[in-house]
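Structural overview for review
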Amino acid sequence: MSSYAPPVQRLVTELSKLPGVGSRTAQRLAFHILRASDEDATALAGAITDVKQTIGLCEVCFNLTDEPRCRICSDTRRDHGLICVVEEASDVIPMERMHEYDGVYHVLGGALSPIDGVDPEDLKIAELLARVGNGADGDGADAGPVREVVLATNPTTTGEATALHIAQELRERSPQVIVSRLASGLPMGSDLEYADEVTLGKAFAGRRAL
Ligand SMILES: [Zn+2]
């Protein structure tokens, strides 16, 4: 390992921090980058710097965006009275791919997992409760009230626990709002991110009130 020149070792170390990349893959990627043209290598480095500098979280839903408000929250044709709650920004992609959902989102930033030290205050749960309590866009502007919150956290132990926690909080604070959960049919223990749009479409259509 340490027989590499320090800059190469540094690249291998950084690459091996990526999910699913072990030290062998990190070495392979590092050598690929070393062999790449200056243009390609610089484009890769630039893309990483650029995404970190320009992409932030939407002030309303916490989805990824390069504006204060994301494209979905800014879209007045979408139903702002229907909020789909997901764990990660990557979960918005399969929901959008099914082309059946015209509401908006709320990205929690993870799932409750006391064992891993993830408590309600580590997620955007308070922000969701405030958003539902204040009207669709959280600022009381002409968007109207929230009618329904669809809990689309993953069908895993932590995802289920998160859905139950949020359902309970919403029932106490905003009893007039319908709280629903995606129907079963999504493979247990899997991530929404990997669901195909037909399965997800069925799970959405068959959502049940909690
Ligand atoms: Zn947004």
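Rules used throughout
Residue positions are given per chain, counted from 1 along the sequence in the order it is written. Residues qualify for local features only when their pLDDT is at least 70, as the model is predicted, and side-chain atom pairs are given and counted only at 80 or more; totals for whole chains, interfaces and linings, by contrast, use all residues. Side-chain metrics rest on all non-hydrogen atoms present in the structure, leaving aside hydrogens and water. Strands are labelled as partners when DSSP assigns at least two bridges between them. In DSSP terms, a helix is any run of H or I states spanning at least four residues, a strand is any run of E spanning at least two, and both are numbered starting from the N terminus. Throughout, a contact is declared for two residues whenever any of their heavy atoms are within 4.5 Å. An axis is simply a line fitted to the C-alpha atoms; with a helix, the fit covers only the stretch in contact. Between two such axes, the angle follows the N-to-C directions and lies from 0 to 180 degrees. A pairing counts as a salt bridge when a side-chain nitrogen of Lys or Arg comes within 4 Å of a carboxyl oxygen of Asp or Glu. For Na, K and Ca the donor cutoff is 3.2 Å, while for all other metals N, O and S atoms must lie within 2.8 Å; water is not among the atoms, so some sites may look incomplete. Relative accessibility decides the category of a residue: with a 1.4 Å probe and only protein chains considered, values under 20% of the type maximum give buried, values over 50% give exposed, and everything between is partly exposed. By the criterion used throughout, a crossover qualifies as right-handed when its path from the first strand across the helix to the second strand runs clockwise, the strands pointing away from the viewer. For every residue, the pLDDT score states the predictor's confidence, bounded by 0 at the bottom and 100 at the top.

Points about the sheet that holds strand 4 (residues 103-107)
The strand order across the open sheet formed by five strands is 4-3-5-6-7, and the pairing between neighbours is mixed. Among the strands making up the open sheet, the edge pair consists of strand 4 and strand 7 (208-209). Sheet analysis places strand 5 (residues 148-151) next to strand 6 (residues 178-181), joined by four bridges and oriented parallel. Following the sheet pairing, Val150 is matched in strand 6 by Ser180. Contacts from helix 7 (residues 157-173) reach strand 3 (79-86), strand 5 and strand 6 within the one sheet, and its direction differs from that of strand 6 by about 170 degrees.

Re the pattern of salt bridges
Throughout the structure, instances matching the rule amount to eight salt bridges. Here Glu148 makes a salt bridge to Arg207, at a shortest N to O gap of 2.7 Å. Taken together, the positions of Glu148 in strand 5 and Arg207 in the loop between helix 8 (197-205) and strand 7 put the pair 59 residues apart, joining distant regions of the chain.

Points about the coordination of the zinc ion
Coordination sphere of the zinc ion, protein contribution only: Cys58 (SG), Cys61 (SG), Cys70 (SG) and Cys73 (SG), at 2.2 to 2.4 Å. Spacing between the donor residues of the zinc ion along their common chain follows C-x2-C-x8-C-x2-C. Highlighted residues: Cys61 in the loop between strand 1 (56-57) and strand 2 (64-65) and Cys73 in helix 4 (residues 71-74), separated in sequence by twelve residues. Judged on exposure class, the residue Cys61 and its partner Cys73 are both buried.

Remarks on the pairing of strand 3
Within strand 3, eight of the eight residues are buried, which leaves it mostly tucked inside the rest of the structure. Across five bridges, the pairing between strand 3 and strand 4 is parallel. Bridge pairing in strand 4 places Val86 opposite Val107. Where the polypeptide runs from strand 3 across helix 5 (residues 92-97) and back to strand 4, its parallel neighbour, the crossover connection is right-handed. Examined bridge by bridge, strand 3 and strand 5 share four bridges and lie parallel to one another. Its bridge partner lying in strand 5, Cys84 is registered against Val150.

So, unusual backbone geometry
For Phe62, which is not glycine, the phi torsion reads 70 degrees and is therefore positive. One can find Phe62 in the loop between strand 1 and strand 2. Phi is positive for His99, which is not a glycine, with a value near 55 degrees. Of note, His99 is situated in the loop between helix 5 and strand 4.

Notes on the confidence of the model for the chain
Residues with a pLDDT of 70 or more make up 91% of the chain, whose mean pLDDT is 90. The spread of mean pLDDT over the elements of the chain runs between helix 8, the lowest at 82, and strand 4, the highest at 97.

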